[in-house]
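# Structural overview for review
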Amino acid sequence: MCGIVGFTGRQEAAQILLEGLKKLEYRGYDSAGLAVLGKNGISMIKTTGKIANLCEKTQDGKLLPGFAGIGHTRWATHGAPTDINAHPHMSNDGKFAVVHNGIIENYAVLRDELVERGFEFKSETDTEVVVHLLSLYYNGDLKEAVMKATARLEGSYGLGVVCADYPEHIVATRQFSPLILGVGVGENYFASDVTALISHTKNVIYLEDGEVADITPDEICVYGPTGKPVEKEITRVQWDMEAAEKGGYDHFMLKEIIEQPRAIKSTVEPRIKDGKVVLEELNLSDDEIRSIDKIVITACGSAYYAGCAAKYTLEKLTRVPVTTELASEFRYSDPIIDDKTLLIVISQSGETADTISALEEAKTRGAKILAIVNVVGSRISKLADNVIYTWAGPEIAVATTKGYTTQVAVMYLFSVYMARRRGRISEDEEKRLTGEIMQIPQQIQRAIDLNPQIPSLAKEYHHNKSLFFIGRNVDYAVCLEGSLKLKEISYLHSEAYAAGELKHGTIALIEEDQPVIALSCYEPLFDKMMSNIKEVKARGAKVLGVTTEGQNRIVREADDVIFVPKTDTLFGVPSEVVPLQLFAYYVAKENGCNIDKPRNLAKSVTVE
Ligand code: F6R
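Residues numbered from 1 in each chain as written. Predicted model: local features only at pLDDT ≥ 70, side-chain atom pairs only at ≥ 80, totals over all residues. Heavy atoms only, no water.

## Quick look at the nonpolar core
By size, the foremost hydrophobic cluster in this structure holds 93 residues, and its most contacted members are Ile295, Ile344, Phe414, Ile437, Ile517 and Phe583. Three or more residues apiece are contributed to this core by two domains, here domain 2 (254-438) and domain 3 (447-590). Beyond its immediate sequence surroundings of up to four residues, Ile437 is in contact with Val268, Ile272, Tyr412, Leu413, Val416 and Phe571. Counting 29 residues, the second-largest nonpolar core is a separate cluster that includes Ile51, Leu64, Val194 and Tyr206. (Core = buried A, V, L, I, M, F, W, Y, C linked by side-chain atoms within 4.5 Å. Buried < 20%, exposed > 50% of the residue type's maximum accessible area, 1.4 Å probe, protein only. Domains from an automatic or database assignment. Contact = heavy atoms within 4.5 Å.)

## Re the packing of helix 7 (residues 260-268) against helix 13 (residues 402-421)
It is the contact of helix 7 with helix 13, at a shortest axis distance of 9 Å, that shows an interaxial angle of 30°. As helix 7 packs across helix 13, the resulting crossing turns out to be right-handed. In this structure, helix 7 uses Gln260, Ala263, Ile264, Thr267 and Val268 to contact helix 13, whose residues at the interface are Lys402, Thr405, Thr406, Ala409, Val410 and Leu413. Split into classes, the residues belonging to the contact of helix 7 with helix 13 amount to six nonpolar, four polar and one charged. (Axes fitted to C-alpha atoms, helices over the stretch in contact; angles between N-to-C directions. Helix = DSSP H or I, 4+ residues; strand = E, 2+ residues; numbered from the N terminus. Left-handed = near helix turned anticlockwise from the far one by under 90°. Nonpolar A, V, L, I, M, F, W, Y, C, P; charged D, E, K, R; others polar.)

## Quick word on the sheet that holds strand 12 (residues 212-216)
In any sheet, the strands associate via hydrogen bonds between backbone groups, in a parallel or an antiparallel arrangement. Here seven strands make up an open sheet; going across it, the order is 5-6-7-8-12-13-14 and the pairing antiparallel. The open sheet has two edge strands with one neighbour each: strand 5 (89-90) and strand 14 (229-230). Alignment of strand 6 (residues 96-104) against strand 7 (residues 155-163), held across nine bridges, turns out to be antiparallel. Looking at strand 7, one finds that Val98 is bridged to Val161. Sitting on the sheet, helix 5 (residues 142-151) is in contact with strand 6, strand 7, strand 8 (170-175), strand 12 and strand 13 (219-223), with an inclination near 155° to strand 7. (Pairing = 2+ DSSP bridges.)

## Some thoughts on the pairing of strand 7
Burial analysis of strand 7 places nine of its nine residues in the buried class, the great majority of the element. Neither face of strand 7 is left uncovered, since the one carrying Gly155, Tyr157, Leu159, Val161 and Cys163 and the one carrying Ser156, Gly158, Gly160 and Val162 both have all their residues buried. Looking at chain direction, strand 7 and strand 8 are connected through four bridges and run antiparallel. Paired with Gly160 across the bridge in strand 8 is Ala172. Counted along the chain from strand 7 to the antiparallel partner strand 8, the turn is six residues long.

## Let's talk about the domain arrangement of the protein
In terms of domains, the protein is made up of domain 1 (3-245), domain 2 (254-438) and domain 3 (447-590). Look at where the C-alpha atoms of domain 1 and domain 3 centre, and you get two points 46 Å apart.

## A closer look at the side chain of Thr195
With respect to the element layout, Thr195 can be found in the loop between strand 10 (188-191) and strand 11 (203-206). Judged by relative accessible area, which is 2%, Thr195 ranks as buried. A distance of 2.8 Å separates the side chain of Thr195 from the side chain of Asp193, its partner in a polar contact. (Polar contact = N/O pair within 3.5 Å; in protein donor to acceptor, adjacent residues only side chain to side chain.)

## What about the pairing of strand 8?
Buried residues dominate strand 8, accounting for five of its six residues. Bridge analysis of strand 8 against strand 12 gives four bridges, and the strand direction is antiparallel. Considered in strand 12, the bridge of Ala172 is made with Ala213.

## Thoughts on the site of the ligand
Taken together, 13 residues lie near the ligand, and Ser347, Gln348, Ser349, Thr352 and Glu488 sit nearest. Within the side chain of Thr352, an N or O atom sits 2.5 Å from an oxygen atom of the ligand. Between the ligand and Thr400, the relevant distance is 3.0 Å, taken from an oxygen atom to a main-chain nitrogen or oxygen of the residue. For the ligand, whose accessible area on its own is 400 Å², the fraction buried by protein is 90%. Of all the secondary-structure elements, those providing two or more residues to the shell around the ligand are helix 9 (301-318) and helix 17 (474-490). A total of three residues in the shell around the ligand trace back to one element, the largest contributor, which is helix 9. Along the lines of polarity and charge, the residues of the shell around the ligand split into four nonpolar, seven polar and two charged. (Near = heavy atom within 4 Å. Areas by Shrake-Rupley, 256 points an atom, 1.4 Å probe, with all protein chains shown as cover.)

## Focus: helix 4 (residues 128-137)
Because each turn of an α-helix spans 3.6 residues, side chains separated by three or four positions in sequence point in the same direction. Counting buried residues in helix 4 gives eight out of 10 residues, a clear majority hidden from the surface. Listed in full, the buried residues belonging to helix 4 are Glu128, Val129, Val130, Val131, His132, Leu133, Leu134 and Ser135. Looking at the buried positions of helix 4, the neighbouring elements they touch are strand 5, strand 6, helix 3 (107-116), helix 5 and strand 7.

## Comments concerning the packing of helix 7 against helix 15 (residues 440-449)
As a packed pair, helix 7 and helix 15 sit with axes 8 Å apart at the nearest point and diverge in direction by 170°. Accordingly, the angle class assigned to the pair helix 7 and helix 15 is roughly antiparallel. Here Gln260, Pro261, Ile264 and Lys265 of helix 7 lie close against helix 15, whose contacting residues are Ile440, Pro441, Ile444 and Gln445. Across the contact of helix 7 with helix 15, the residue classes tally to five nonpolar, two polar and one charged. (Parallel < 35°, antiparallel > 145°, perpendicular 65-115°, else oblique.)

## Some thoughts on helix 14 (residues 427-438)
In this model, helix 14 (12 residues) spans 16 Å end to end at C-alpha, consistent with the 16 Å of a helix rising 1.5 Å per residue. All buried positions along helix 14 are accounted for by Glu430, Leu433, Thr434 and Ile437. Considered in projection along helix 14, the buried side chains sweep an arc of 100° and stay on one side of the axis. Projecting away from the buried face of helix 14 at angles above 90 degrees are the exposed residues Asp428 and Lys431. Close packing links the buried residues of helix 14 with helix 7, strand 16 (272-273), strand 17 (276-277), helix 9, helix 13 and helix 15. (Expected span 1.5 Å × (residues − 1). Arc of directions from axis to C-beta.)

Structural data, given as structure tokens:
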């Protein structure tokens, strides 16, 4: 969704801001803009459409000379995607410009008040109230005006501000929206996302809610909510530029699919020592783990499906009842949870609004919270009592791949960890299970190597308007993710069904040549799946079977087959899902879709 960047230094700001905005494109947006502080005050250019349009309109930044400025990519919420609604927004006297990530919930009341006071609104956005509040409260002290203006705001914001009276300064503040400061030499930055910074600096400061940063080329002063200076720690980002670039692949999505063995290795290996799962980051005592009588997993989209897939392993190993709830539903469901409930939230970005609300809801009811998150310093990581990072590196493609598999891998680790502490498994069993988990990177690689035919399968299946995914038990959970991947990047309609449910209605849709992707990797139910495959074949379906190496019986029934390596049934999801990610990728490629940035989608969904 919206992204913001800010720069102050001794080089032309506009080019650096444009470069930063390009790094944020993956988040999804519909318009963009820049405001730069030059010799004659603030100049601003904004436009609908891609950053390429903004480059053209600003002549690659040349029309906006100056050494400090702010930039924005907008994903419309309040007001259509138009040039006027694009950010930055400028005050009536041209003294201030503002970029904003988030939603000002009380903007309507503020707007009425400001109109009454004589301010003229140009856009339909919630953000414009901020810039007029700055004018209202400005008495020559920029920091004070920012603090007074933000004190009036309800909702979420990451804000970047420039003021014509403060030529070298950019000011940033946040509340419930991400904002990171980049510390350079003779130049400093802010951004909503670390990927916009790492080509310039790996030294960052994570701003906390309510803090205000006054940034000049040589200094960053951070103030707490009461205005007192705060000492901030500089953190070194572990990601490098290579991790945030395509590295020769046609798309980030393909790169991220291929790098899954490495991503899982960095998630898993440091947490397995001498055959034991070591989760030093957990604050849960063994007694607390033993007191848990119910686990609720909540998340959105693929993160939710990662929870659905991992539920089988968690329940099987711990014998604690596990339910999975969509975060957008959970928060309104008056959930029955208490201090014996462990709520597990899963989120790649750590910024998903529905997941945050679900977490907060559970917290007020006393549940213990464990968050599985990829982005360090994200909001969810700050709200949760316990955080296990997935360490997948930056995920740029909007459709998640390595985010999902590393989430599943962390859930596997936690399942073994919890089972051991509850006395469900012996030390020897823990050793055996961790040994199996360590095999996952090689298994994923094998799943990739076994299936060079996926691009040609995509040629065969890409013209179909609708596809079904069927499976049982954990295979059904993998169907949900496989189907979502296909939908979101190839725009084909697809549905995931529990194979046993077919005969209760859906089978009416099976007719001649209807593609059905049948997952039968979960060995205990292989025979049942064979019956389901026969049922759909008898009605003319074209079946693409997905099964484990050696299960050759499927070759007789299915029209095409994808083989995946044989794994322990507890830990098979990552190697099973990877060929489905590849299938979705190549189908989308055949259909000429915008794979890394599918239409209507945003990487991090920060609105409800
Ligand atoms: C699908 C996808 C989304 C996200 C969902 C949650 O490929 O990426 O469904 O999984 O929006 O996002 P996070 O994990 O950032 O909370």
